[in-house]
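The primary structure of each chain is shown beneath.
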Amino acid sequence: MGEEESIPICHDAHTGVETANPHAGMSQDECVDRIRNSLKHPTVRFLREHMEKAGCPVWPRLITAANCSDQGSAGGYASRHGVTICCNHMTFQDEINQVVIHELIHAYDDCRAKNLDWKNCAHHACSEIRANHLSGDCHYKRELLRGFMKIRGHEQECVRRRALKSVQNNPYCSNAAAKDAIEAVWDVCYNDTFPFDRAP
């Protein structure tokens, strides 16, 4: 079994990324197979290569398949623990691809910024802005499927909304602190597309 095939499984994980389909789910075996497929996705491969170039620990245990108790959670990232994919909240391959990409951006930020403190609302806000902007989470087709019908300006509005929701879930950030942090770091973090040349 190769390192990409060694995906740990755990039960009852707590994570913080929202899913549009909280009542769906797949078995952990099916989820592990789909995580393996996501490792072949061009954006996942790109992020992996850049993480390796930056000296970041990447495989084999960066991604864990889990059943998550948080309703509406698709996955999460925790420093020194890696990425968790909530199998019981996943339905489609595309959902898993998006969560893996989103969470790998957090992992990349955690490695790149040696002093990143997830308890610091501004640090967390910056990584959420980047992950929502660079992962494709806020593509207009995804927004339409979530019921957000605005065509013009939807992407920035979506990035703000989703980043704010994630930072508000941080127990170290009050709602007001989360809003202030998003505003304080918005311009710098929204325009920071590294390692991409531009937002994909």
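Rules of the game
Residues numbered from 1 in each chain as written. Predicted model: local features only at pLDDT ≥ 70, side-chain atom pairs only at ≥ 80, totals over all residues. Heavy atoms only, no water. Helix = DSSP H or I, 4+ residues; strand = E, 2+ residues; numbered from the N terminus. Polar contact = N/O pair within 3.5 Å; in protein donor to acceptor, adjacent residues only side chain to side chain. Disulfide = S-S within 2.5 Å. Buried < 20%, exposed > 50% of the residue type's maximum accessible area, 1.4 Å probe, protein only. Pairing = 2+ DSSP bridges. Contact = heavy atoms within 4.5 Å. Salt bridge = Lys/Arg side-chain N within 4 Å of Asp/Glu carboxyl O.

A.B. asks: Go over the side chain of Asn170, please, and point to the residues and values.
C.D. replies: Within the element layout of this structure, Asn170 appears in the loop between α6 (154-168) and α7 (175-190). Of the polar contacts made by the side chain of Asn170, one reaches the side chain of His124; its length is 3.0 Å.

A.B. asks: I'd like a description of the state of the cysteines, backed by residues and values.
C.D. replies: Summed over all chains, the structure comprises six disulfides. The residue that forms a disulfide with Cys68 is Cys86, at a sulfur-sulfur distance of 2.1 Å. Taking the torsion about the sulfur-sulfur bond, which here is approximately -90°, the covalent link between Cys68 and Cys86 counts as left-handed. Of the two residues, Cys68 is situated in strand β3 (residues 63-68) and Cys86 in strand β5 (residues 82-86); the sequence distance between them amounts to 18 residues. In this model Cys126 forms its disulfide with Cys189; the gap between the sulfur atoms is 2.0 Å. Since a negative S-S torsion denotes a left-handed disulfide, the Cys126-Cys189 link at about -110° is left-handed. A residue pair is termed long-range when its members are at least 10 positions apart, and Cys126 in helix α4 (residues 121-134) and Cys189 in helix α7 qualify at 63 residues. For Cys126, a relative accessible area of 18% translates into the label buried. Shown here for the chain is a disulfide pattern of 1-5, 2-6, 3-4, 7-11, 8-12, 9-10, where each number marks a bonded cysteine counted in sequence order.

A.B. asks: Account for the pairing of strand β4 (residues 73-78), naming residues and giving values.
C.D. replies: Of all six residues in β4, five are buried, a share of seventy percent or more. Strand direction decides the pairing type here: β4 and β5, joined by four bridges, are antiparallel. Bridge pairing in β5 links Gly75 to Ile85. Counting the residues between successive antiparallel strands, the hairpin from β4 to β5 contains three residues, one of them, Arg80, with a positive phi of roughly 70°.

A.B. asks: Which residues make up the environment of Tyr77, and what values do they have?
C.D. replies: Within the fold, Tyr77 resides in strand β4. The spacing of Tyr77 and Leu104 is 27 residues in sequence and 8.1 Å in space, taken between C-alpha atoms. Not counting the four nearest positions on each side in its chain, Tyr77 is found in contact with Gly82, Val83, Glu103, His106, Ala107, Asp110 and Trp118. Engagement of the side chain of Tyr77 in a polar contact is seen with the side chain of Asp110, the distance being 2.6 Å.

A.B. asks: I'd love a proper account of unusual backbone geometry, names of residues and values included.
C.D. replies: The peptide bond linking Phe194 to Pro195 adopts the cis configuration, its omega dihedral lying at 10°. Looking at the secondary structure, you find Pro195 in the segment after α7.

A.B. asks: For the pattern of salt bridges, give the residues involved together with the corresponding values.
C.D. replies: Enumeration over the complete set of coordinates arrives at eight salt bridges. Arg36 is paired through a salt bridge with Asp33; the nearest N and O atoms lie 2.9 Å apart. In this pair, Arg36 and Asp33 both sit in helix α1 (residues 28-38), three residues apart, roughly one turn of the helix. Residue classification places Asp33 among the partly exposed residues on the basis of a relative accessible area of 41%. Glu52 is the salt-bridge partner of Arg48, the closest N and O atoms lying 3.1 Å from each other. Highlighted residues: Arg48 and Glu52, both in helix α2 (residues 42-53), separated by four residues, approximately one helical turn. Each of the salt bridges in this network shares a partner with another, and the network as a whole consists of Asp109, Arg112, Arg130 and Asp192.

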